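Here is how the chains run, residue by residue.
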Amino acid sequence: MSLNIVVLAKQVPDTRNVGKDAMKADGTINRAALPAIFNPEDLNALEQALRLKEQHPGSTVGMLTMGLPSAGEIIRQGLYRGADTGWLLTDRGFAGADTLATSYALATAIKKIGNVDIVIGGRQAIDGDTAQVGPQVAQKLGLNQVTYAEEILKIENGKATIRRHIDGGVETVGAPLPVVVTVNGSAAPCRPCNAKLVMKYKYATCPMERKGDEPWADLYNERPYLTLNQWSVADIDADPAQCGMSGSPTKVKNVVNIVFQAKESKTLTGSDADVESLVQELLNDKIIG
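In this report, the structure presented in the accompanying data block is examined. Since the model is a prediction, treat every value here as computed from it, not as a measurement.

What follows deals with helix α4 (residues 133–141). Because an α-helix packs 3.6 residues into every turn, residues spaced three or four apart end up facing the same way. The set of residues buried in α4 consists of G134, Q136, V137, A138 and L141. Taken together, the buried residues of α4 touch β1 (4–8), α3 (99–113), β7 (144–156) and β10 (179–183). Positioned one or two residues after α4, G142 has a phi angle of 70 degrees, which is positive.

In globular proteins that are soluble, nonpolar side chains generally tend to be buried together. Formed by 42 residues in total, the largest nonpolar core has its most connected members in M63, I118 and I120. M63 has contacts with V7, A9, F38, L46, I74, I75, G78, A83, T85, G86 and W87, leaving out every residue within four places of it along the chain. Counting 25 residues, the second largest nonpolar core, distinct from the first, contains L8, W87, A109 and W231.

A cluster of nonpolar residues, V275, V279, L283, I287 and I288, forms a patch on the protein surface that exposes about 400 Å² of accessible area. Tracing the backbone through its elements, the reader meets V279 in helix α7 (residues 272–284).

This brings us to the sheet that holds strand β8 (residues 159–166). With respect to topology, nine strands assemble into an open sheet ordered β9-β8-β7-β10-β6-β1-β4-β5-β11, the strand pairing being mixed. Two strands close off the open sheet at either side, each with one partner strand: β9 (169–176) and β11 (229–231). The average undirected angle you get between the axes of adjacent strands in this sheet is 30 degrees. Pairing geometry for β1 and strand β4 (residues 60–66), over five bridges, is parallel. If you follow N4 over to β4, its bridge partner there is T60.

Our focus in this paragraph is the pairing of β9. In this sheet, β9 lies alongside β8 in antiparallel orientation, the contact comprising eight bridges. The partner of R164 across the bridge, within β9, is E171. Connecting β8 to the next strand, β9, in antiparallel fashion are two residues, including G168 with a positive phi near 90 degrees.

Further remarks concern the environment of T102. Here T102 shows up in helix α3. Taking the relative accessible area as the measure of exposure, T102 reaches 16% and is therefore buried. The residues contacting T102, other than those within four sequence positions of it, are M66, A97 and V133. Of the polar contacts made by the side chain of T102, one reaches the backbone oxygen of D98; its length is 2.8 Å.

With that settled, the discussion passes to the pattern of salt bridges. Applying the stated rule across the entire model yields ten salt bridges. For R191, the salt bridge goes to E47, with nearest N and O atoms at 2.9 Å. Within this pair, whereas R191 is found in the loop between β10 and α5 (195–201), its partner E47 is found in helix α1 (residues 40–55), the two being separated by 144 residues in sequence. You can call R191 partly exposed: its relative accessible area is 23%. One salt-bridge network, in which partners are shared between bridges, spans E47, R51, E54 and R191.

Across its 16 residues, α1 extends 24 Å between first and last C-alpha, which sits within 8% of the 22 Å expected from 1.5 Å per residue. Looking at α1, one finds that the buried residues are E41, D42, L43, N44, A45, L46, E47, Q48, A49, L50 and L52.

Looking now at the state of the cysteines. As enumerated under the stated definition, the model contains zero disulfides in all. We note that C206 lacks a disulfide partner, and the nearest cysteine sulfur, in C193, lies 17 Å from it. C206 gets classed as buried once you look at its relative accessible area, which sits at 0%. The thiol of C243 is unpaired, and the distance to the nearest cysteine sulfur, on C206, comes to 18 Å.

This part is about unusual backbone geometry. For residues other than glycine, phi is negative in most cases, and the peptide bonds are mostly trans. Cis rather than trans, the peptide bond between L177 and P178 has omega equal to -5 degrees. The backbone phi angle of A131 is positive, close to 60 degrees, even though this residue is not glycine. At Y148, a position not held by glycine, the phi torsion is positive, near 55 degrees.

Rules and cut-offs
Here, residues in each chain are numbered from 1, in the same order as that chain's written sequence. Predicted model: local features are reported for residues with pLDDT of at least 70 only, side-chain atom pairs are reported and counted for 80 or more only, and whole-chain, interface and lining totals are derived from all residues. Think of the side-chain values as coming from all heavy atoms in the structure, minus any hydrogens and water. Only protein chains enter the area calculation, which uses a 1.4 Å probe; residues under 20% of their type maximum are buried, those over 50% are exposed, and those in between are partly exposed. The way it works is that DSSP assigns letters per residue, a run of H or I at least four long becomes a helix, a run of E at least two long becomes a strand, and they are numbered from the N terminus. Contacts are residue-level and defined by heavy atoms, with any inter-residue pair within 4.5 Å sufficient. Nonpolar core, defined: a set of buried Ala, Val, Leu, Ile, Met, Phe, Trp, Tyr and Cys residues in which side-chain atoms within 4.5 Å join the residues together. In this analysis, a patch consists of residues with relative accessible area above 30% that form no salt bridge, clustered at 9 Å for like charges and at 5 Å for the nonpolar side chains Val, Leu, Ile, Met, Phe, Trp and Tyr. Here, Shrake-Rupley sampling with a 1.4 Å probe gives the accessible areas, and only protein chains in the shown set may cover a residue. Here a salt bridge means any side-chain nitrogen of Lys or Arg lying within 4 Å of a carboxyl oxygen belonging to Asp or Glu. Pairs of strands are assigned from DSSP output, requiring at least two bridges between the strands. Lines fitted to C-alpha atoms define the axes here, with helix axes fitted over just the stretch in contact, and angles between the N-to-C directions of these axes take values from 0 to 180 degrees. A 3.5 Å cut-off defines polar contacts: any pair of N or O atoms within that distance qualifies, except that in protein one atom must be a possible hydrogen donor and the other a possible acceptor, and neighbouring residues in sequence count only when both atoms are side-chain atoms. Working rule for helices: expected span equals 1.5 Å times residues minus one. Two cysteine sulfur atoms form a disulfide, by the criterion used here, when they sit within 2.5 Å.

Here's what the structure looks like:
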């Protein structure tokens, strides 16, 4: 059976480079101050989608992301690896969304896409670490969900068989389609970009990414696939009150960059006196005993 697969992916700030200007006064991320990358676990999710596409001829993989116009790079990265299309949700009305508003926008867009068999996303984004968006999308769509997935083993007879990580081991579960799956970082890493696909899609952009003076502007009329889908709040028939900051009940008050400092240290030998001293210290501090 052919599958209509949607991959939820996010362009995130590289949290390894967080500085004092990482947050704005209103509690939202200052994305201009941080380099943007493809959320790591979303890459694991993309690999699972591409494997399903290979296993089921005629299947399609679409990238769905929300962000600034520059987030079109996420769709391109998907196309470079074998995805077929993508949709960028970009609108001032989406800005400042927490997980509730984000999942509402994504779920509403998936309804617009229609006839989706499987939605795959990373377990969580590194800029929030909540792991809430995937399950919230499933709830809003009324779909089955499987979390902490490490591999989608097979899909047959309208059911997905998935191996997922649990405390102390793994388990294999079955879920009827359509289903939402969130994938762990321990899943297979995503394949590299395909050179031929990079050459085919390197000029693919969303309309808001274009400056209008590109030397290759004529290509957009000649090759329609170079124009990526760009949707606003109105395009997906979303309720503005449930999008962006107006639809977000949670706000970030402050971000603190913590640097761990080494404490006083001492070197012990294996002598009886040193061992006895260490044991006595641990007893005094009630660490043992």
